[in-house]
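What follows is each chain in one-letter form.
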Amino acid sequence: MLSARNLSVRYGGVQALSDVSFDLDSGICFVCGQSGAGKTTLIRAICGVAGTSTGTISLDGIDVAEDPMRARRHISYLPDVPPLYPDLTVEEHLSYRGRLKGLSGRRLRARMRHVMEALDLKDLATRRTISLSAGQRRRVGIADALLCETRLLLLDDPFAGLDEAHARSLLQTLAPVAKHAIVILATHDLALAAQATGAKCLVLASGRLAALMDVDGDSPLSERCDEAAKAALLLGVEP
């Protein structure tokens, strides 16, 4: 269980998140909202790398602020700009990152093979990451995040730069992961999110929680998110 209680984040004079509370268990949850709503700040706050914050975040009873090293052993995080080593090939990068995460030998080779197949990277294995397109770099970053099977997977704007086929493939790849992990994706792509029936959608509006709803496939997700955001902004309070 991931629990946020009264989470607020301020950057200088800007209130990026305000009194956000929610609970999530295993499954996929999309974080949605307009630009500036607080999506990236929420992702960063959950993994403990946001700015000055108040409130609490706990993962299966581990307080992220009080015990960050222990918490981060159970978290995989991909920022909106994938941090890749430019002089390494895709295969070298994933091998190095896997070793940093404690993988080795057969386990490392098996996980590398799995993520490279899942993210369609086999043909790019010997390419240096600096030579890749934005979408290819994104796929390498996602593969990196999936190397270890963690309890919480945080992906900031993972569909950016991906074509429709690779975006759909990513959702298919994440479905089995979400059976035993909490998978949180910040995204603008509500059309793609709407295809993930059974997932949840956490809607932010100007740093406030506007709604936490199910992706049911029966009504347009974009309309429901817009209505929730407008209502939250009008009321100026959380639901």
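You'll find the structure just up there.
Here we summarise the structure given alongside this text. Keep in mind that this is a model prediction, so the values were computed, not measured.

1. Looking at a nonpolar patch on the surface
On the surface, Tyr85, Tyr96 and Leu100 cluster together to form a nonpolar patch covering roughly 270 Å² of accessible area. With respect to the element layout, tyrosine 96 can be found in helix H3 (residues 90-100). Here tyrosine 96 falls in the partly exposed class, since its relative accessible area comes to 33%.

2. Concerning helix H6 (residues 164-177)
Across its 14 residues, H6 extends 20 Å between first and last C-alpha, which sits within 8% of the 20 Å expected from 1.5 Å per residue. Buried residues of H6: His166, Ala167, Leu170, Leu171, Thr173, Leu174 and Val177, and no others. Taken around the axis of H6, the buried residues stretch over an arc of 165°, which confines them to a single face. Residues of H6 that are exposed and angled more than 90 degrees away from the buried face: Glu164, Ala165 and Gln172. Of the surrounding secondary structure, the elements contacted by the buried residues of H6 are strand S3 (27-32), helix H4 (105-118), helix H5 (134-146), strand S7 (152-156), strand S8 (182-186) and helix H7 (190-193).

3. Describing unusual backbone geometry
In this structure, asparagine 6 is a non-glycine residue whose phi angle is positive, near 50°. Mapped onto the elements of the fold, asparagine 6 is located in strand S1 (residues 2-11). The phi angle at aspartate 157 is positive, at roughly 55°, despite the residue not being glycine. With respect to the helices, strands and loops of the structure, aspartate 157 is situated in the loop between S7 and H6.

4. Digging into the sheet that holds strand S10 (residues 208-214)
The strand order across the open sheet built from six strands is S6-S7-S8-S3-S9-S10, with neighbouring strands paired in mixed fashion. With one partner strand each, in any of the chains shown, strand S6 (75-78) and S10 form the two edges of the open sheet. Strand-to-strand twist in this sheet, taken as the mean axis angle between neighbours without regard to direction, amounts to 15°. Here S3 pairs with strand S9 (residues 200-205) via four bridges, running parallel. Residue pairing in the sheet places phenylalanine 30 in a bridge with cysteine 201 of S9. This element, helix H1 (residues 39-46), spans S3, S6, S7, S8 and S9 of the sheet and lies at about 150° to S7. The strands that helix H8 (residues 221-235) touches are S9 and S10; relative to S10, the one it contacts most, it runs at about 150°.

5. Focus: the pattern of salt bridges
Counted under the stated rule, the structure contains twelve salt bridges. A salt bridge links aspartate 67 to arginine 70; the shortest N-O distance between them is 4.0 Å. Here aspartate 67 falls in the partly exposed class, since its relative accessible area comes to 30%. The residue glutamate 164 makes a salt bridge to arginine 168 at a minimum N-O spacing of 2.9 Å. Of the two residues, glutamate 164 and arginine 168 both sit in helix H6, four residues apart, roughly one turn of that helix. With relative accessibility at 54%, the residue glutamate 164 sits in the exposed group. Assessed through its relative accessible area of 36%, arginine 168 is described here as partly exposed. One salt-bridge network, in which partners are shared between bridges, spans Asp25, Asp60 and Arg151.

Conventions adopted
- Residues numbered from 1 in each chain as written.
- Predicted model: local features only at pLDDT ≥ 70, side-chain atom pairs only at ≥ 80, totals over all residues.
- Heavy atoms only, no water.
- Patch = residues over 30% accessible without salt bridge, like charges linked within 9 Å, V, L, I, M, F, W, Y side chains within 5 Å.
- Areas by Shrake-Rupley, 256 points an atom, 1.4 Å probe, with all protein chains shown as cover.
- Salt bridge = Lys/Arg side-chain N within 4 Å of Asp/Glu carboxyl O.
- Helix = DSSP H or I, 4+ residues; strand = E, 2+ residues; numbered from the N terminus.
- Buried < 20%, exposed > 50% of the residue type's maximum accessible area, 1.4 Å probe, protein only.
- Expected span 1.5 Å × (residues − 1).
- Arc of directions from axis to C-beta.
- Contact = heavy atoms within 4.5 Å.
- Pairing = 2+ DSSP bridges.
- Axes fitted to C-alpha atoms, helices over the stretch in contact; angles between N-to-C directions.

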